[in-house]
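# Reading the structure
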Amino acid sequence: MAKIRTVLGDISPDEFGPALVHEHILVDFIEAEKFSRDRYNREEVFEVMLPYLARIKNLGVKGFVECTPAYMGRDAELLVRFSKALGIHILTNTGLYKEPHLPKFAFEYSADQLAELWIKEILEGVEDTHIKAGFIKIAVNPGIIAPIQQKIVRAAARCSLATGAVIACHTANGAAAMHLLKILDEEGLENDRLIVVHADAEENIKYHLEIARRGAWVEYDGLSQNTSEKILKLLRFMVDQGFEEQILLSQDAGWYNVGQPRGGNIRGYEYLIEEFVPLMRKNGFDQDLIGKILVENPAEAFQIG
Ligand SMILES: [Zn+2]
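Here's a quick rundown of the structure. (Residues numbered from 1 in each chain as written. Predicted model: local features only at pLDDT ≥ 70, side-chain atom pairs only at ≥ 80, totals over all residues. Heavy atoms only, no water.)

Before going further, it helps to examine empty space enclosed by the protein. Inspection of every chain in the model, using the stated rule, returns two cavities of 30 Å³ or more. In this structure, the largest cavity encloses a volume near 50 Å³. Surrounding the largest cavity, T171, A172, N173, G174, A177, V196, H198, A199, E202, Y207, H208 and I211 form its lining. Where the lining of the largest cavity is concerned, the elements lending two or more residues are α6 (174–186) and α7 (205–213). Here the lining of the largest cavity takes three residues from α7, the largest share from any one element. Its residues assigned to classes, the lining of the largest cavity comprises six nonpolar, five polar and one charged. Lining the second largest cavity, in full, are I25, L26, E66, G73, R74, D75, L78 and L79. (1 Å grid on protein atoms, 1.4 Å probe; cavity = no way out; pocket = protein on both sides within 12 Å on 5 of 7 lines; lining within 4 Å. Points joined across faces, edges and corners; volume = space filled by probe spheres on them. Helix = DSSP H or I, 4+ residues; strand = E, 2+ residues; numbered from the N terminus. Nonpolar A, V, L, I, M, F, W, Y, C, P; charged D, E, K, R; others polar.)

Here you go:
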């Protein structure tokens, strides 16, 4: 049975949407070896971020995918607190980002050893908790993927093959996406287990089409007031090409920035629902299509098992 794996346990996919599929609550950009929970105060992060999440809960958002990787501020226990306080379904992740956010063992472990660790985080719990990861978050550099990231991609593929979890990969450009798809093919992974994160950063539309044609998810997650026209055009184009079932939409917003007073300048999560959905309607996207992008596609993409 397909399900979505939240920090509070598994739910049915039809309970998940509308969902924001790529957001952050807490991020620390310190290098991996210096990262520690002592660098922030959980109580303060909870207090600062709660109103932002409450606001989208009140706008009808049910699912929230927290994309902060391990060693950059992934804090599953904190996510459980938010989820219990608000009744929002929150997903956390397993996997690793890229340099300088890779711990030493990322270089020492084989792809199979990394995969084994991540499978454990999905089946049993992240770090020393019983809170399970619901997806795999990794990253690749632009262009030809560096050897260390290639190993991480292979580990992610093996973890996905073993668990069914989707891989959300930070992908800086189209060339990297093509190399990524090639490695995943070699590993025998179905392309619908890949979300190409930050697809809107690639200016050449032929890559968007190629990613979708190959069956992977095209994620437009750079949505804000400043990018609304561009994203609207991309959505329109992909829908006209018949790829409305492979688009994901989010804002990469938030977040409490560790090291800055009370998290610094935080960007709220409400723009997509409050302003962009009405803009979509005004531009001819009907309720079915909006439902597809915000409810059905997230429920499909994040299915596990
Ligand atoms: Zn992000």
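Here we take up helix α2 (residues 76–86). Residues of α2 that are buried: A76, L78, L79, V80, F82, S83 and L86. The inward-facing, buried residues of α2 abut β4 (26–27), α1 (42–58), β5 (63–66) and β6 (89–91). Once α2 finishes, G87 follows within two positions and takes phi at roughly 70°, a positive value. (Buried < 20%, exposed > 50% of the residue type's maximum accessible area, 1.4 Å probe, protein only. Contact = heavy atoms within 4.5 Å.)

For the structure on display, the rule yields 25 salt bridges. Between R154 and E186 there is a salt bridge, and its shortest N-O distance comes to 2.6 Å. Highlighted residues: R154 in helix α5 (residues 147–163) and E186 in helix α6, separated in sequence by 32 residues. Among the residues examined, E186 registers a relative accessible area of 46% and is labelled partly exposed. Its salt-bridge partner being R154, residue E187 comes within 2.9 Å of it at the nearest N-O pair. Residue E187 is found in the loop between α6 and β10 (194–197), and its partner R154 is found in helix α5; the two are separated by 33 residues along the sequence. Overall, E187 belongs to the buried group, its relative accessible area being 15%. When salt bridges that share partners are traced, they join R37, R42, R74, D75, E77, E121 and E127 into one network. (Salt bridge = Lys/Arg side-chain N within 4 Å of Asp/Glu carboxyl O.)

Taking a probe equal in size to a water molecule and rolling it over the atoms shows the remaining empty space. Approximately 180 Å³ is the volume attributed to the largest pocket. A70, Y71, R74, E121 and E127 are, among the 13 residues lining the largest pocket, the residues nearest its centre. Of the residues forming the lining of the largest pocket, the biggest block, three residues, is contributed by helix α4 (residues 111–123). Across the lining of the largest pocket, the residue classes tally to seven nonpolar, two polar and four charged.

Summarising the metal site, the zinc ion is bound by the protein donors H22 (NE2), H24 (NE2) and D252 (OD), whose distances to it range over 2.1 to 2.3 Å. For the zinc ion, the donor residues sit on a single chain with the sequence spacing H-x1-H-x227-D. Taken as a pair, H24 in the loop between β3 (19–23) and β4 and D252 in the loop between β12 (247–249) and β13 (256–257) lie far apart in primary sequence, 228 residues in all. We note that H24, like D252, is buried. (Donors = N, O, S within 2.8 Å, 3.2 Å for Na, K, Ca; no water.)

What follows concerns the sheet that holds β5. In space, the three strands of this open sheet follow the order β3-β5-β6, with parallel pairing throughout. The open sheet has two edge strands with one neighbour each: β3 and β6. Geometrically, the sheet is characterised by an average inter-axis angle of 15° between neighbouring strands, direction not taken into account. Taken together, the three bridges between β3 and β5 define a ladder with parallel strand orientation. By the bridge assignment for β5, L20 is matched with F64. (Pairing = 2+ DSSP bridges. Axes fitted to C-alpha atoms, helices over the stretch in contact; angles between N-to-C directions.)

Another aspect to go through is the packing of α6 against α7. Running from N to C, α6 and α7 cross one another at 20°; their axes reach a closest spacing of 9 Å. On the basis of their axis angle, the class for α6 and α7 is roughly parallel. Taken as a pair, α6 and α7 cross one another with a handedness that is left-handed. For the pair α6 and α7, the contacting residues are G174, A175, A177, M178 and L181 in the first and Y207, E210 and I211 in the second. Considered class by class, the residues forming the contact of α6 with α7 number six nonpolar, one polar and one charged. (Parallel < 35°, antiparallel > 145°, perpendicular 65-115°, else oblique. Left-handed = near helix turned anticlockwise from the far one by under 90°.)

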